[in-house]
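So the chains spell out like this:
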Amino acid sequence: MKKFMYKRMDLILLGIILLSAFLNIYNIWKNDYANAYYTAAVKSMLENFHNFFYASFDPAGFVTVDKPPLTFWIQTLSAAIFGLHGWSVMLPQALAGVGSVVLLYFLLKPTFGITGARIASLTMAITPIVPAISRSNNIDSMLVFTLLIGVWMLFKGVRKNKAIWVIGAFAMIGLGFNMKMMQAFMVAPAFYLFYITAAKVKWKKKIGILASATAVMMALSLSWAVVVDSVSAGDRPYMGSSQTNSVLELAFGYNGVARLTGQGQSTPGGGGADKGNGNEMQAPPNGMEQGEAPEGMPSGAPPNGQGGPNQANGANATNSDDSASNDSSNTDSSSTQDNTNSETQTSEDNGQRDFLSKGDQGGPGGQNGGGMFNTGTPGFFRLFQIGLADQISWVLPFALFGCVGLLSGIRLRKQWSDEEKESLFWLAWLGPVGVFFSIAGFFHQYYLIMLASPIAAFVGAGWVKLFKLYQTEKGFKSMLLPIAILATTAFEVFTLKSYIDQIGMVWSIGVGGAGTLLSLALFFFKQKEKRATYFVSLAALLALLVIPAFWASTPIIYGDGNSVMPAAGPTTMGNGNMKMGEGQNSINENLVSYLKKNSDGETYLFATSNASSAAPYIIEGETVMAMGGFSGSDPILTTEKLEEMVKNNEVKYFLIGGGGPGGSSDLQTWIKEHGEEVPQEEWNGTSNNDSDSDSNSGMPGRGGQSETLYKVEL
């Protein structure tokens, strides 16, 4: 029995699984509450079923988060079992990342053999963005795992000619939609193409099965959205980051077409520009709308130090970029203090824009990358620019050569092999998704995990095919393998030169020397020692995987720079492992003590403009209202509604300012006109003159700016 189990178990796969688990899980318990925006939602969802179903951001069910609830349901279950911790809400994503590595192995093994499957799973495990996003409570790792389950079901359905498995595969896309909306549909063309080309059934039956699968996919996709939108607005939370309180608008607008066009992205995780509140924002360079930010991150904050290796890893001061100037410009212009704050913040904002504009020249060292979130300039070679290349594209050249080799024998009039059909599937995944990221107006680096599976598949299957061509063919086809190794080596060395100041020349010399020598050996010794060439070519591929493996390990080596907007790389070196928004995960105990002592049983301890200020308090068990949703710009409240809430004893205290994302100028004006400013020394232990001192540094979302507490009683 033991001998049988030993033969059945692939020990190399086991080692890859352990490596993936280490990269994804080790030290995640040091990540505090990770993305506090989503962690606060999990805390609220633990309160009752109403909050759980709608994915409410706050315990009172005022507003939801900006995504569907399926992943947060899983995170809430984990928190219910292990308690609410940063690691407990990150664990499902970490395990999903490991699961994706395992699934890729079993997807490739039947057709491309055990060596191709091992290489693919190893490549997936060490693709830098995979462990980086798996070490957070963002959604993408779980989404990819769900889609790969769908691929496994699709392949099984075609091999066994079972319609139920095919329908189940498309159902997984529907579940993916309830994780991250339209992003899940990016793989649908590959599913359709594979079934059309690979299924051995008559066309009439094929069309019927695809129609049924599509119906199930759409029904599952829209199920939660239709239910929520059909419920009266007064009986459910406001749909966060939408402009019309509609899930469908959020799905097909902000989380759909707007991602491609880059339009209406002025609010981070929100549904568009802050309409009707008087906020006018200047668009930053590279086509980005002012105030864009990742899910769960304050408006205007730069990425995880990814503007370049020398950039600090996200100081809190940068979180206030433009948002605080919006706050100050929205206040009563007759106030001398407000005008002074506005001038000060404008000066700081200009300095921050100058700083960010350096990153616009292209990520590390100001080369090629660019964009506020280091996503480069749209174009054919965007995925090879710094900021994206070092997250996903280290071995992309080899994958492309592998694709050429795998499809080199395909002919329209010839029956395609299983190898060719599955290669077309991975190409139909890689192609459209790659095109999207090449031209999209707005996305974040960690979205690139959507490319990891097809790239890894082409590296694994491609190596097997290229080596076979190397051994059996003559001419150009036989030289694809050494050319692929040499081209990929050159690309890795080119990418590494932007990081010489951080990691030195050793990596470039080592990888460049090994890749060049091994590829030359394959060029010149092809016919002399065929057995040796197998090990030489395998060694050459492993040499190409050294740099992505190092990059993938950087969150462990240097610490996770930012769980809000994950990215891998040595950019945290020398920055004291500072996390962006680190101060925003703490609360002001003096404020809480004062409010509890002076409250009269209001529903909300206090209200603030946006979710970034409210999240730490919600995590600690307080009921806090984010009046404008995540970014402060959701049109949830009117002054009439706010007045009604005050009269109904739902809210009395309002915390305004702090350099976080701004809110409605109408609401802030109303609060200041009808409220009484509470002296700082009463609730914060400092006077107004000392409001920017270090003693005030524990306040969330301020970016170094003072906050003002107002009491409104009608």
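Residues numbered from 1 in each chain as written. Predicted model: local features only at pLDDT ≥ 70, side-chain atom pairs only at ≥ 80, totals over all residues. Heavy atoms only, no water.

Q: I'm lost on helix α21 (residues 506-524) in this one. Help?
A: In a regular helix each residue adds 1.5 Å, so 19 residues correspond to 27 Å; α21 covers 27 Å between its end C-alpha atoms and thus fits that length. Buried within α21 we find S508, V511, G512, G515, S519 and L522. Considered in projection along α21, the buried side chains sweep an arc of 105° and stay on one side of the axis. Turned more than 90 degrees off the buried face of α21, the exposed positions are V506, I509, L517 and F524. (Helix = DSSP H or I, 4+ residues; strand = E, 2+ residues; numbered from the N terminus. Expected span 1.5 Å × (residues − 1). Buried < 20%, exposed > 50% of the residue type's maximum accessible area, 1.4 Å probe, protein only. Arc of directions from axis to C-beta.)

Q: Is there a simple way to think about the sheet that holds strand β5 (residues 707-712) in this case?
A: Within a sheet, adjacent strands bond to each other through the backbone by hydrogen bonds, running parallel or antiparallel. Spatial ordering of the open sheet is given by β2-β1-β3-β5-β4, a layout of 5 strands whose pairing is mixed. Whereas interior strands pair on both sides, the edge strands pair on one side only; in this sheet they are β2 (624-626) and β4 (675-678). Between one strand axis and the next, the sheet turns by 30° as a mean value, whatever way the strands run. As paired elements, strand β1 (residues 606-608) and β2 share 3 bridges and run parallel to each other. (Pairing = 2+ DSSP bridges. Axes fitted to C-alpha atoms, helices over the stretch in contact; angles between N-to-C directions.)

Q: Can you help me understand the pairing of strand β3 (residues 653-657) in this one?
A: Residues in a regular strand point their side chains to alternate faces of the sheet. Among the 5 residues of β3, 4 are classified as buried, and the element is accordingly described as predominantly covered. Bridge count for β1 against β3 is 2 bridges, and the pairing is parallel. The residue bridging A607 from the neighbouring strand is F654, located in β3. Note: β3 against β5, 5 bridges, orientation antiparallel. Looking at the pairing, I656 lines up with T708 of β5.

Q: How should the nonpolar core be read in this particular structure?
A: As a rule of thumb, soluble globular proteins bury nonpolar side chains together. The biggest cluster of nonpolar side chains holds 188 residues, and the ones touching the most others in it are F57, W426, F437 and F654. For this core, the element with the highest residue contribution is helix α6 (residues 86-126), accounting for 16 residues. If we ignore the near neighbours within four places in the chain, the residues touching F437 are M186, R382, L383, F443, Y447, L448, M450 and L451. (Core = buried A, V, L, I, M, F, W, Y, C linked by side-chain atoms within 4.5 Å. Contact = heavy atoms within 4.5 Å.)

Q: Is there a simple way to think about the packing of aromatic side chains in this case?
A: What describes a pair of aromatic rings is the distance from one ring centre to the other and the angle between the planes of the rings. Applying the stated rule across the entire model yields 45 aromatic pairs. Look at F62 and Y604: their rings are 6.3 Å apart centre to centre, the planes differ by 80°, and that puts the pair in the edge-to-face class. Pair noted here: F62 is in the loop between α4 (49-54) and α5 (70-82) and Y604 is in the loop between α24 (589-598) and β1, with a separation of 542 residues, a long-range link. One aromatic cluster is present, formed by F155, F170, F191, Y192, F194, F425, W426 and W429 through successive ring pairs. Sitting over the face of the ring of Y447, K180 holds its NZ or CZ atom 3.5 Å from the ring centroid. Here the basic side chain of K206 rests over the ring of W203, its NZ or CZ set 4.6 Å away from the ring centre. (Phe/Tyr/Trp six-rings, centres within 6.5 Å; stacked < 30°, edge-to-face > 60°. Lys NZ or Arg CZ within 6 Å of the ring centre and 35° of its normal.)

Q: I keep staring at the side chain of Q385 and nothing clicks. Help me out?
A: Tracing the chain through its elements places Q385 in the loop between α14 (336-359) and α15 (389-392). We classify Q385 as buried; its relative accessible area is 14%. A distance of 2.8 Å separates the side chain of Q385 from the backbone nitrogen of T377, its partner in a polar contact. (Polar contact = N/O pair within 3.5 Å; in protein donor to acceptor, adjacent residues only side chain to side chain.)

Q: Got a minute to help me understand the confidence of the model for the protein in this structure?
A: Parts of the model with low pLDDT should not have their predicted coordinates read in detail. Here the protein shows a mean pLDDT of 82. Residues at 70 or above account for 77%. Counting interchain partners and residues more than four positions distant, the pLDDT-below-50 stretch residues 572-583 has 44 contacts. Note on residues 691-704: pLDDT under 50 across the span, and 45 contacts to partners over four residues away in sequence or across chains. (pLDDT = per-residue confidence, 0-100.)

Q: Quick question: what am I supposed to make of the environment of Y604 here?
A: Taking the relative accessible area as the measure of exposure, Y604 reaches 5% and is therefore buried. Separated by 49 residues in the primary sequence, Y604 and Y653 have C-alpha atoms spaced 8.4 Å apart.

Q: Could you clarify how one ought to interpret the packing of helix α10 (residues 188-198) against helix α17 (residues 418-439) in this entry?
A: Packed helices, taken two at a time, are described by the angle between their axes plus the distance between the axes. Remark: α10 packs on α17, axes separated minimally by 8 Å, with the N-to-C direction vectors making an angle of 160°. Our classification of the angle between α10 and α17 gives roughly antiparallel. The crossing of α10 and α17 is right-handed. Touching A190, F191, L193, F194, T197 and A198 of α10 are K421, E422, L424, F425, A428 and W429, all from α17. When grouped by side-chain class, the residues that make up the contact of α10 with α17 number 9 nonpolar, 1 polar and 2 charged. (Parallel < 35°, antiparallel > 145°, perpendicular 65-115°, else oblique. Left-handed = near helix turned anticlockwise from the far one by under 90°. Nonpolar A, V, L, I, M, F, W, Y, C, P; charged D, E, K, R; others polar.)

Q: Which parts of the structure should I look at to understand helix α19 (residues 480-496)?
A: Owing to its 3.6 residues per turn, the α-helix aligns residues three or four sequence positions apart on the same side. Its 17 residues give α19 an end-to-end C-alpha distance of 24 Å, which sits within 8% of 24 Å, the value for a rise of 1.5 Å per residue. Taken together, the buried positions of α19 are L480, L481, P482, A484, I485, T488, T489, F491, E492, T495 and L496.

Q: When you look at unusual backbone geometry in this model, what are you seeing that I'm missing?
A: If a residue is not glycine, its phi is most likely negative; likewise, a peptide bond is most likely trans. For M181, which is not glycine, the phi torsion reads 60° and is therefore positive. Relative to the assigned elements, M181 resides in the loop between α9 (163-180) and α10. Residues other than glycine seldom take positive phi values, yet N649 does so here, at roughly 65°. Structurally, N649 is set in the loop between α26 (639-647) and β3.

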